[in-house]
Amino acid sequence: MAEVRLEKVEKIYAQDKRVLHNLDLQVRDGEFLVLVGPSGCGKSTILRIIAGLEDVTDGRLLIGDRDVTSVPPRERDIAMVFQNYALYPHLTAFENMAFGLRIRKRPKPEIESKVREAASLLSIEPLLEKYPKALSGGERQRVALGRAIVRDPQVFLFDEPLSNLDAKLRSEMRAEITGLHRRLGVTTVYVTHDQVEAMTMGQRIVVLNGGVIQQIGPPLEVYNRPANRFVAGFIGNPGMNFFEQVRVGERGMDLGGVPVELPGSSSIPAGEFTLGLRPESLSLDPESPLRMRVDLVEPTGGEAFVYGQLESENGHRVIMKAPSDVQAAVGDVVGFRFDPGKAHFFDAVSGDRIER
Amino acid sequence: MTTWISRYRVPYALLLPTGLVIGLVILYPFFYNLWLSMTNMSLYHINDPAFVGLRNYGEIFKESELYSVLGKTIIWTVVNVFFHVALGIALAVLLNEGIRGKGIFRALLILPWAMPQYIVALTWRGMFSYEYGSINLMLTRWFGLEAVPWLSDAFWAFAAATITNIWLGFPFMMVIALGGLQSIPKELYEAAEIDGAGAWQRFWRITLPMLKPIMVPAVSLGAIWTFNNLNVIWLVTRGGQPADSSHILVTYVYKAAFTYYRYGYAAAFSVVIFLILFGFIIWYLNRTGALQDGVAR
Ligand SMILES: Nc1ncnc2c1ncn2[C@@H]1O[C@H](COP(=O)(O)OP(=O)(O)OP(=O)(O)O)[C@@H](O)[C@H]1O
Ligand SMILES: [Mg+2]
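This write-up is about the structure you can find in this document. On a predicted model such as this, the values are computed, not experimentally measured, just so you know.

Brief notes about the interface of chain B and chain A
Now for step 1: Taken together, the contact pairs 19 residues of chain B with 25 residues of chain A.
Now for step 2: Both sides together, the interface formed by chain B and chain A hides about 2100 Å², and carbon and sulfur atoms give 63% of it.
Now for step 3: Our enumeration of links across chain B and chain A arrives at two salt bridges.
Now for step 4: Notably, a salt bridge pairs B:Glu190 with A:Arg48, separated by 2.8 Å at the nearest N-O pair.
Now for step 5: The interface formed by chain B and chain A contains eight residue pairs in polar contact (both at pLDDT 80 or more).

As structure tokens, then:
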């Protein structure tokens, strides 16, 4: 176990394609850290730099207290689980898991016992003699996990390990992986573009965009106090409602021509901001002067999402999370209100969060 | 009967041309050869061959020549195929790395394969010439070694033919291996690297086993071609010279048939060669599991 530190890391691929710029990141000893961000933001690049599969253009990488910037992958004492498993097709599940130990010339009985132990941890003992092509996706992913576990590495790296699995298996494996982490306590860096995985699995999450870290923090903190508009929009499903050019004054704000009282608005300097409201902080209220025209009602079983447009000159899109028995039909104009305490404000230009 | 014929008329009509060609160029010669092997046809009996049963076969197995020629054929095949595969895979691995000028190297390395064997063999024969050949000139002038009696010594003549044939044969294996290499996913190497494997271990534990399914059929083809390769030995050693010492089975048979005109005897010999090859291939494919399902795991 060890902490991992990236210091001022710079990564420029061929043709001057700069992916990471001056990136500092610290993964604490024993922590489960999730890297999340849209496609192409550099998540895999960071992971592959930690693994040693990519060189850094500039900067340093430390695992424990050791500078491993130019140490080859096999001497870094890390294990990686790939998106498409990368199991050796010509070896049985047992031999796949034993591969690293055999390379390191460990004694036979030790290999045998370690593989059996990992197999029982993942309940894949009956599969050990099978070849990868005879395994299902979930079973393959377990074998790939087993291959990482038997090595007893200092750091686990996961690159979107669940994205090839179906939804049910995915939530099972989520629990399995976090359970493993709790039991083994190995420092883990987990890459995903799925914000549900990020929220449910990470002790801390790192939100990346365009190779730049937007925010680092525990999932709930990131959810409740997004550092900027990008994070606010990326984390949460469905995404946050944004209302541009909302005037905030002494006693409240002006939302599409409707004055809304805002307790504590005095702490915000007067001006125009972007207002952010999570779908779940909206609710139907026939009395409210805020009105929206319903475009679509999407029941999901336990609840329903109501999509609509603000009844005002600029017709902002609004998404509301409502109880499944919501009384709203397409075409209706309904009143709604929101909890002003849960409103987020972002700078109209930089997108940074305005604290109040 | 009539309904059966009318029902399958079209498919059989479509198969007929192929069937005729196969019958004409494969089945007819095969059975003609089988019949020939049981006659005494030779220059003396070219028009009145008589059935002699298995006499030709008896003669073949009594002659000590068979065993020494068979031995040489096996050495010839094993040495050639070994170098074809080893060189082919080694070069394919090099070409598969991101080296500069890859396209040019690939084209150059396939060249030997694209040239007619006949011309290659005669060119090499010229290069092996004792006095004027470029190889001896290089050995003596550049390395200060003694000239090698390439074509006049039994061992060296065989070596000369082998070198020529290795040069001719490696591109095939290289092309096959290159195709195989390109189908190995990159992540396997990355996983192995993280698992602690160095370059050499990655080659032995990932590359070779992953190439096996594609190389097994190629090797069996290569073995058959080499075993039956008449041209190279015949042309480089001028028909098994010196003193018929550098024969493999096919050149020996060829000489029996077309220099000594012992048609019956040569036909029987061909049948023996066929049986040897057939037995070998069945054994090899079984052993490597190529006939079973699941090679391409
Ligand atoms: N070998 C490479 N050469 C050039 N550019 C590359 C290379 N690998 C990645 N990139 C570029 O770097 C950027 C970041 O890639 P990366 O794979 O880290 O993204 P990611 O966040 O993992 O995305 P995804 O969620 O799609 O996997 C992308 O724009 C990609 O095109
Ligand atoms: Mg990626």
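Once the structure has been displayed, the description carries forward.
Some points on the pairing of strand S11 (residues 241-248) of chain A
The side chains of a regular strand alternate, first on one face of the sheet and then on the other.
Now for step 1: Looking at chain direction, S11(A) and strand S14 (residues 271-277) of chain A are connected through six bridges and run antiparallel. In the strand pairing of S14(A), A:Asn241 is matched with A:Leu277.

Side note on the sheet that holds strand S3 (residues 32-36) of chain A
Residues and elements named next belong to chain A.
Now for step 1: If you trace the six strands from one edge of the open sheet to the other, you get S6-S7-S8-S3-S9-S10, paired in mixed fashion. Strand pairing shows two members of the sheet lacking a second neighbour, strand S6 (78-81) and strand S10 (212-217), which therefore form its edges. Each neighbouring strand pair of the sheet contributes to a mean axis angle of 15°, computed without reference to strand direction.
Now for step 2: Bridge count for strand S9 (residues 204-209) against S10 is five bridges, and the pairing is antiparallel. Residue pairing for S10: Asn-209 is matched across the bridge by Val-212.
Now for step 3: Helix-sheet contacts for helix H1 (residues 43-51) involve S3, S6, strand S7 (155-159), strand S8 (187-192) and S9, and the interaxial angle to S7 is about 150°.

Remarks on the site of ligand 1
All names here are of chain A.
Now for step 1: Around ligand 1, the structure places Tyr-13, Lys-17, Val-19, Ser-39, Gly-40, Cys-41, Gly-42, Lys-43, Ser-44, Thr-45 and Glu-160.
Now for step 2: The separation between an oxygen atom of ligand 1 and a polar main-chain atom of Gly-40 is 2.7 Å.
Now for step 3: Contact with the protein chains covers 62% of the free accessible surface of ligand 1, which is 630 Å².
Now for step 4: Mapped by element, the contributors of at least two residues to the shell around ligand 1 are strand S2 (17-27) and H1.
Now for step 5: Looking at the shell around ligand 1 element by element, the count peaks at three residues for H1.

Overview of the packing of helix H9 (residues 186-194) of chain B against helix H10 (residues 199-227) of chain B
Residues and elements named next belong to chain B.
Now for step 1: At their nearest, the axes of H9 and H10 sit 10 Å apart, and the two run at 155° to each other. The orientation of H9 with respect to H10, classified from their angle, is roughly antiparallel. Note that H9 runs across H10; the crossing there is right-handed. Packed against H9, whose contacting residues are Leu-188, Tyr-189, Ala-192 and Glu-193, the element H10 presents Arg-202, Ile-206, Thr-207 and Met-210 at the interface.

Some remarks on helix H8 (residues 154-182) of chain B
All names here are of chain B.
Now for step 1: Spanning 29 residues, H8 covers 42 Å between terminal C-alpha atoms, matching the ideal 42 Å at 1.5 Å per step.
Now for step 2: Of all the bends in H8, the greatest reaches close to 30° and is centred on Gly-169; the proline Pro-171 follows between one and four positions later.
Now for step 3: At the N-terminal boundary of H8, the capping side chain belongs to Asp-153, with an oxygen 3.0 Å from the backbone nitrogen of Phe-155.

Details of unusual backbone geometry
Residue and element names in this part refer to chain A.
Now for step 1: Residue Pro-238 is bonded to the preceding Asn-237 through a cis peptide linkage, with omega at -5°.
Now for step 2: The phi angle at Asp-16 is positive, at roughly 55°, despite the residue not being glycine.
Now for step 3: Tracing the backbone shows Asp-16 in the loop between strand S1 (4-13) and S2.
Now for step 4: Take Asp-16: its relative accessible area is 70%, and that puts it in the exposed class.
Now for step 5: Phi at Ala-86 is positive, roughly 50°, even though this residue is not glycine.
Now for step 6: With respect to the helices, strands and loops of the structure, Ala-86 is situated in the loop between S6 and helix H2 (93-103).

Focus on the sheet that holds strand S12 (residues 252-255) of chain A
Residues and elements named next belong to chain A.
Now for step 1: Here we have five strands laid out as an open sheet, ordered S13-S12-S11-S14-S20, and antiparallel in their pairing. One side of each edge strand has no neighbouring strand; the edge strands of this open sheet are strand S13 (258-261) and strand S20 (344-347). Neighbouring strand axes in the sheet, compared pairwise and without regard to direction, differ in orientation by 40° on average.
Now for step 2: Alignment of S12 against S13, held across four bridges, turns out to be antiparallel. When the bridges of S13 are listed, Leu-255 appears paired with Val-258.

Some remarks on the pattern of salt bridges
Side-chain pairs of opposite charge can arise whenever the charged atoms involved come near each other.
Now for step 1: According to the stated counting rule, one finds 26 salt bridges over all chains in the structure shown.
Now for step 2: Connected through shared salt-bridge partners, A:Glu3, A:Arg5, A:Glu7, A:Arg60 and A:Asp67 make up one network.

Considering a nonpolar patch on the surface
Residue and element names in this part refer to chain B.
Now for step 1: A cluster of nonpolar side chains, namely Val-21, Ile-22, Leu-24, Val-25, Ile-26, Leu-27, Phe-30, Phe-31, Phe-274, Leu-275, Phe-278 and Ile-282, defines an oily patch on the protein surface of about 1200 Å² accessible area.
Now for step 2: Of all the secondary structure elements, the ones that give two or more residues to the nonpolar patch are helix H2 (9-36) and helix H13 (263-287).
Now for step 3: Looking at the nonpolar patch element by element, the count peaks at eight residues for H2.
Now for step 4: Position of Phe-278 among the secondary structure elements: in helix H13.

Observations regarding the packing of H2(A) against helix H4 (residues 137-150) of chain A
Residue and element names in this part refer to chain A.
Now for step 1: Where H2 contacts H4, the two axes come as close as 8 Å, and the packing angle between them is 25°. Here H2 is positioned roughly parallel relative to H4, judged by the angle of their axes. In this structure, the crossing between H2 and H4 has a hand that is right-handed. Only Val-143, Gly-146, Arg-147 and Val-150 of H4 make contact with H2, whose side of the interface consists of Ala-93, Asn-96, Met-97 and Leu-101.
Now for step 2: Across the contact of H2 with H4, the residue classes tally to five nonpolar, two polar and one charged.

Basis of the calculations
Residues numbered from 1 in each chain as written. Chains lettered and ligands numbered in written order. Predicted model: local features only at pLDDT ≥ 70, side-chain atom pairs only at ≥ 80, totals over all residues. Heavy atoms only, no water. Contact = heavy atoms within 4.5 Å. Buried area = accessible area lost by both parts, 1.4 Å probe. Salt bridge = Lys/Arg side-chain N within 4 Å of Asp/Glu carboxyl O. Polar contact = N/O pair within 3.5 Å; in protein donor to acceptor, adjacent residues only side chain to side chain. Pairing = 2+ DSSP bridges. Helix = DSSP H or I, 4+ residues; strand = E, 2+ residues; numbered from the N terminus. Axes fitted to C-alpha atoms, helices over the stretch in contact; angles between N-to-C directions. Near = heavy atom within 4 Å. Areas by Shrake-Rupley, 256 points an atom, 1.4 Å probe, with all protein chains shown as cover. Parallel < 35°, antiparallel > 145°, perpendicular 65-115°, else oblique. Left-handed = near helix turned anticlockwise from the far one by under 90°. Expected span 1.5 Å × (residues − 1). Bend = angle between axes of the 7 residues up to and from the residue. Buried < 20%, exposed > 50% of the residue type's maximum accessible area, 1.4 Å probe, protein only. Patch = residues over 30% accessible without salt bridge, like charges linked within 9 Å, V, L, I, M, F, W, Y side chains within 5 Å. Nonpolar A, V, L, I, M, F, W, Y, C, P; charged D, E, K, R; others polar.

On their own, these measurements won't tell you what the molecule is for.
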